[in-house]
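# Coordinate inspection notes
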Amino acid sequence: MHRRPFLQLLEDYRQRHPNEVEVTDQFAQFVSEHDDCFERTCIPGHLTGSAFLVDDSGEKLLLTHHRKLNLWLQLGGHADGDPDMLANALREAREESELDGIVAIDAGIFDLDVHTIPARGSDPEHLHYDVRFLLRHTGNGEFTVTDESHDLAWVPLATLDDYTTEKSIVRMAQKWAKTKS
């Protein structure tokens, strides 16, 4: 029952992005097969919620220099049992930046990505089924670097490749460019 709203979001995403059926089906199969898919204890993987967080102008993206992965990435994290993935993305964006004034541009899924997280300590290698949402910051942009990051930066989308060439972030930037034009 708790998975049904998320599966409906996936179906809506499938309708809007018919060229991404393969990844959408991969998510749907994983969620259908794992009752505990929203828990980080679910191995071989679990759902995470992320934020493609643009500034009020829509020209800059907030990236985190992720402490554990040592990469520039979008804000996000574990669902920790909460099946409301948009709420997770909003919570993680606020927690990792301490920004107020973060709002969803759209309640639908913006992007989906499955990626491998390497083994670390007692945690085995596993997959993150990352559900990304399009968010906007409507405040002054003054963030706080928390203990989850080495750094945060408002990155002009025009120079995104100065920070990252991570395929899924580039893909989201391309989607955003199409959305706002």
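That block above? That's the structure.
A brief structural summary. Given the structure is predicted, the values throughout are model-derived calculations rather than measurements. (Residues numbered from 1 in each chain as written. Predicted model: local features only at pLDDT ≥ 70, side-chain atom pairs only at ≥ 80, totals over all residues. Heavy atoms only, no water.)

### Here's the deal with the pattern of salt bridges
With the rule as written, the count across this model stands at 13 salt bridges. Across the pair Asp35 and Arg3 runs a salt bridge whose closest N-O atoms are separated by 3.5 Å. Separated by 32 residues along the polypeptide, Asp35 in the loop between α2 (21-33) and β1 (45-54) and Arg3 in the segment before α1 (4-16) bring together distant segments of the chain. The partner of Arg40 in a salt bridge is Asp80, and the shortest N-O contact between them spans 2.9 Å. On the criterion of sequence distance, the pair formed by Arg40 in the loop between α2 and β1 and Asp80 in the loop between β3 (72-78) and α3 (85-97) is long-range, its members being 40 residues apart. By sharing partners, the salt bridges in this structure join Glu20, Asp111, Asp113, Asp130, Arg132, Arg171 and Lys175 into a single network. (Salt bridge = Lys/Arg side-chain N within 4 Å of Asp/Glu carboxyl O. Helix = DSSP H or I, 4+ residues; strand = E, 2+ residues; numbered from the N terminus.)

### A few points about the nonpolar core
By size, the foremost hydrophobic cluster in this structure holds 32 residues, and its most contacted members are Phe6, Phe27, Leu47, Leu53, Val131 and Leu135. Elements that contribute at least two residues to this core include exactly α1, α2, β1, α3, β6 (126-137) and β7 (149-156). Contacts of Leu135, omitting those with residues within four sequence positions, involve Ala51, Phe52, Leu53, Val54, Leu86, Ala89, Leu90, Ala93, Ile102, Val103, Ala104 and Ile105. Judged by nonpolar contacts, the second largest core, of 16 residues, contains Trp72, Phe110, Ala153 and Leu160. (Core = buried A, V, L, I, M, F, W, Y, C linked by side-chain atoms within 4.5 Å. Buried < 20%, exposed > 50% of the residue type's maximum accessible area, 1.4 Å probe, protein only. Contact = heavy atoms within 4.5 Å.)

### Side note on unusual backbone geometry
It is generally the case that most residues other than glycine have a negative phi and that most peptide bonds are trans. Positioned with a positive phi, Asn70 is a non-glycine residue whose angle comes to about 55°. Take Asn70: it is sitting in the loop between β2 (60-66) and β3. Assessed through its relative accessible area of 48%, Asn70 is described here as partly exposed. Phi is positive for Glu98, close to 55°, though the residue is something other than glycine. Looking at the element boundaries, Glu98 is found in the loop between α3 and β4 (102-104).

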